[in-house]
Amino acid sequence: MHDDRTLVESRLKRVLDERIRPAVYPDSVPLEVGIWTAPGEPVPVAEGLAAPRTPIAVGDAWGAPWGTSWITVAGTVPEAWAGRTVEALIDLGFDANMPGFQCEGLVYRPDGSPVKGLNPQNQWVRIAAPAAGGEQVLLHVEAASNPVILDYHPFLPTELGDKETAGDQPRYRLARMDLAVFDETVWQLVIDLEVLGELMAELPVESARRWEILRAVERALDGVALQDVNGTAAQARSELTDVLAAPAVPSAHRISAIGHAHIDSAWLWPLRETVRKVARTTANMTALLEDEPEFLYTMSQAQQFAWIKEHRPEVYARVRKAVADGRFVPAGGMWVESDTNMPSSEAMARQFVYGKRFFLDEFGIENHEAWLPDTFGFTGGLPQIIRNAGSKWLLTQKISWSQVNRFPHHTFLWEGIDGTRIFTHFPPVDTYNCSMKGSEIAHAARNFKDKGVARHSLAPTGWGDGGGGTTREMVAKAARLKDLEGSATVRWERPAEFFAKAEAEYPKPPVWVGELYLELHRATLTSQAKTKQGNRRSENLLREAELWCATAALRAGLAYPYEELERIWKTVLLHQFHDILPGSSIAWVHREAEATYAALAAELETLIGRAQQALAGDAAGGRELVFNAAPHARSAVAAGGASTAASTAGGCSATARAAGGFVLRNGLLDVVVDGDGLVASVVDVASGRETVAPGTRANLLQLHPDFPNMWDAWDVDQFYRNTVTDLTALDSLTVAASDTDRVAVRVARSFGSSTVVQTLTLRAGEQRLDIDTEVDWHETEKFLKAAFPLDIHTERYAAETQFGHLHRPTHTNTSWEAAKFEACNHRFVHLDEPGWGVALVTASTYGHDVTRTVRDTDGGTTTTVRCSLLRAPRFPDPRTDQGLHRFHHALVPGAGIGDAVREGYRIGLPERRVTGSVAEVAPLVALDNDALVVSAVKLADDRSGDLVVRVYEANGGRARGRLSASFVLAGAVPCDLLERPWDGTRGEVTMVDGGVELALRPFELVTLRLTAAG
Ligand SMILES: [Zn+2]
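Described in the following lines is the structure provided in the data block. (Residues numbered from 1 in each chain as written. Predicted model: local features only at pLDDT ≥ 70, side-chain atom pairs only at ≥ 80, totals over all residues. Heavy atoms only, no water.)

### Overview of the overall build of the protein chain
Part 1 of the reasoning: Check the secondary structure of the protein chain and you find 19 helices and 54 strands.
Part 2 of the reasoning: Against the 2.2 N^0.38 benchmark of 31 Å for 1014 residues, the protein chain shows a C-alpha radius of gyration of 31 Å, consistent with a compact globule.
Part 3 of the reasoning: For the C-alpha atoms alone, the extent of the protein chain along its principal axes is close to 100 × 70 × 60 Å.
Part 4 of the reasoning: Counting across all 1014 residues of the protein chain, residues that qualify as buried make up 62%.
Part 5 of the reasoning: Looking at the protein chain alone, contacts between residues at least 24 apart form 75% of all its contacts between residues at least 6 apart.
Part 6 of the reasoning: Charge separation in the protein chain, taken as the distance between the mean sites of 102 positive and 131 negative side-chain charges, equals 2 Å. (Helix = DSSP H or I, 4+ residues; strand = E, 2+ residues; numbered from the N terminus. Rg over C-alpha atoms; globule rule 2.2 N^0.38 Å. Buried < 20%, exposed > 50% of the residue type's maximum accessible area, 1.4 Å probe, protein only. Contact = heavy atoms within 4.5 Å. Lys, Arg positive; Asp, Glu negative; His and termini not counted. Charge placed at Lys NZ, Arg CZ, Asp CG, Glu CD.)

Take a look at the structure:
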């Protein structure tokens, strides 16, 4: 037979595009349109409905950036349309390729009840089916003229990302605004032909199935009369019945589809717009659930449910009903889909606590899957947190974005730093925006790495990022793919149903140990430094507030601020969303975040101050008390307690060097700051050991050009290291403090358009060189690092993560290690040789790199740690990080891992001095082993008055110890993170007289609920 395949395929494309699709709406009449533009921010629905309209015509411009317009459409269904299906077509000026990134609308009836959302892939509103003829149509659209930030030429700097700089030029022109007849038979023919055409394109050219479909498609096209598509569509469809009825082969891959809209809680739009995005999408999805009986939808992020509950109660009522029917499925059990690299131990735990509790309280549903399709990498601490939250599964597809290495599994057990294993699935469809295209379905089946032993994968289906969700076209395609020869099969299934099947069919999945590192978006550990600093400060202040408020509640009867703390926690958790804390949102989001963090800090300082004063007693007593919120004693003040300050040891000195610079001493460290203001030597006096590698100088600021190929705020590409400028030129070098308790030098430099002042401080009795850095940063597309070349020979180093640390290699033997050229630490990195080590402690920075060289001079190894300080990308915020920044770091020579842990806590939890009348505030609880670290002391969320204490083993070894309470203990119960009794603790927790004996395994975490007697 002659080969006419491409001829038929081309014919299918042209006839679909030019004849069949246009025939879906064969008749239409224009609607009358009026508009009112809100003068500023969005207005309440009633106000928008009531505002006077002015006429506007198709083709007219509307919509200043970030504006809200209320658009009214009115018309009458023609009498001649009686018996037919009628829809309104409302095209606000959409670009079909940009659902979620463009203008959007929410349609209301005149009574204010919401109908559905409008977006570029969803422009229809059903009016009548069948129409009687003569119906009056009146609908109102709350239209948001959100500007396109990520355009066809992506990553260009734009001023549109903040209302303050975006201007007022209209961004859109009204397009089709019609009442139209919807011909369902033609629409079904379109779906038939799309499904078969897309499947055909994925099948091998030599397969019989491909040719059977081709011939059927040809017969269908032959059956379509081009001048009467509507009259012949049914006949054309009948030619396709047989090829659509052929069942899938038994070994076909099985896809569990779940309707979804990945909605970024803020990103290329501000937080307030996400509230509306969620309302539009959920209005659409609850409507689609009513229309499509087999369809199921899932939504994650308790915060987004809470938003619609508060701001769009009528939409929320529909959600509640659909959840009760089991078809709108809350997923994930987290407050937001957060970043997981940077949130602290406690914050990561609270993401699950507040997320799961919301779903339990609102719907009586407990999630068992963590749902993080888009998060930029997963820490080794996360598996234990998931398990302690009462969950057991993880879903993400993001690791498929890695630049270099292909992850070897799609379904596997992921083992964290403590040994917890979590059943994990990466959807092989490699997207969270599946649209049921044949290419996506075939990719999932081909790509699935666990073929032969497993058969199921999950496909989150619907427009996401900016919202939109699943369309009726996707549902119609899924129906045809249920059991179709040549394709994977598709069933709508809930995430929990998928996981249960996947687990059952795969009893011995492979194991991946350690972090799930994303080989992309590495610069999100550094971009938008003030957002990161606000997060870290909030986490520290929350620890202090909970500790001192709990202490004051039990000791002084002060009311515990449950509501305030919950609200503040939820705000901090929201800002850990995977485009806020990582610094990848528009300027508006980060400007607001900075203000929000400042307000939270003020509020937390008030809570802390009130609690500490209640504990210290009357200030007229004149006694100065030092409060220590850190988990280790310092300055003779117990951990979690307060007492009068011990006098410091003295013994500090600063001496000028003949060769320039100064020598700082405190009896523990001898530090040479040379004539360039660089740290030429740091000797640990006790061991006599030099910290700085021979021939090098530490605290060297280095400046790189930093212009990645894509995703400016997100990415730093490896070639940035090819060019570097060492900032050694000095403006001034002076002694900033010189007394027996403290010596410091001040180093001032300028470079480019920027200046930097660093203060290097030694304090009496402290084995630590403090480095305070103040940068007035006015660079563009640069990366600033602080380098510490250390005389350490080691193949690996430790970086702190949640509830412990993980080790990373210092070499680049394989592509996997080479790809980790920028990594995350929480409060420290630690490097050691047996018996001696160094910690570099970071107060608010997360990004770092570690490299090694072998010296020609003596053959020794130089291991260089560099902290990432600042970047200056221009997209999406064209002025990222411009201005004044303050950082605090510390170098701790002679540090064991326990010292690194201790100094890490200390740097974020400074002593507070309060004048009162008592001599001492005893801690509520005390531990007798420094390896057992308290990460939270708080009152129980159930307001029973019980004390909740979370403890973990921090050094990576086994640790025994006793937790003693300073009150009479009636009970101590191990709990999960939600403070429910839990028997999942693997170590030993034994109640003894006056306390609890703990024997914890490496990095093990235990939550105790302590009940006071009487
Ligand atoms: Zn996202």
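### Observations regarding the environment of E779
Part 1 of the reasoning: Within the secondary structure layout, E779 lies in the loop between β35 (769-777) and β36 (782-790).
Part 2 of the reasoning: You can call E779 buried: its relative accessible area is 7%.
Part 3 of the reasoning: Distance from E779 to D579, taken between C-alpha atoms, is 23 Å for residues 200 residues apart in sequence.
Part 4 of the reasoning: Setting aside chain neighbours within four positions, we find E779 in contact with F751, G752, S753, S754, A872 and Q882.
Part 5 of the reasoning: At 2.6 Å, the side chain of E779 forms a polar contact with the side chain of S754. (Polar contact = N/O pair within 3.5 Å; in protein donor to acceptor, adjacent residues only side chain to side chain.)

### Remarks on the sheet that holds strand β29 (residues 689-690)
Part 1 of the reasoning: Taken in spatial order, the five strands make up an open sheet running β25-β26-β27-β28-β29, and their pairing is antiparallel. Lying at the two open borders of the sheet, with one neighbouring strand each, are β25 (653-656) and β29.
Part 2 of the reasoning: In terms of strand pairing, β25 meets strand β26 (residues 662-665) through four bridges, oriented antiparallel. Across the sheet, residue A654 finds its bridge partner in β26, namely L664. (Pairing = 2+ DSSP bridges.)

### Describing the nonpolar core
Part 1 of the reasoning: If you look at the biggest cluster of nonpolar residues, it comprises 255 residues, and the most contacted ones within it are I20, I71, L947 and L1010.
Part 2 of the reasoning: Filtering out sequence-adjacent residues up to four positions away, L1010 remains in contact with V925, D946, L947, V949, L963, F967, L969, G971, A972 and V996.
Part 3 of the reasoning: Counting 48 residues, the second largest nonpolar core, distinct from the first, contains F662, I771, L840 and L870. (Core = buried A, V, L, I, M, F, W, Y, C linked by side-chain atoms within 4.5 Å.)

### Some points on helix α7 (residues 271-291)
Part 1 of the reasoning: In a regular helix each residue adds 1.5 Å, so 21 residues correspond to 30 Å; α7 covers 31 Å between its end C-alpha atoms and thus fits that length.
Part 2 of the reasoning: Burial runs high along α7: 19 of the 21 residues are buried. (Expected span 1.5 Å × (residues − 1).)

### Here's the deal with the sheet that holds strand β51 (residues 969-975)
Part 1 of the reasoning: Within the open sheet, the four strands sit side by side as β48-β49-β54-β51. Their pairing is antiparallel. Here the strands that pair on one side only, and so sit at the sheet edges, are β48 (932-939) and β51. Recorded for the sheet is a direction-independent mean angle of 25 degrees between the axes of neighbouring strands.
Part 2 of the reasoning: Taken together, the six bridges between β51 and strand β54 (residues 1005-1012) define a ladder with antiparallel strand orientation. Among the inter-strand pairings, A972 is bridged to a residue of β54, identified as L1010.
Part 3 of the reasoning: Strand contacts of helix α15 (residues 529-556): β48 and β49 (947-953), with the helix running at about 60 degrees to β48, the strand carrying the most contacts. (Axes fitted to C-alpha atoms, helices over the stretch in contact; angles between N-to-C directions.)

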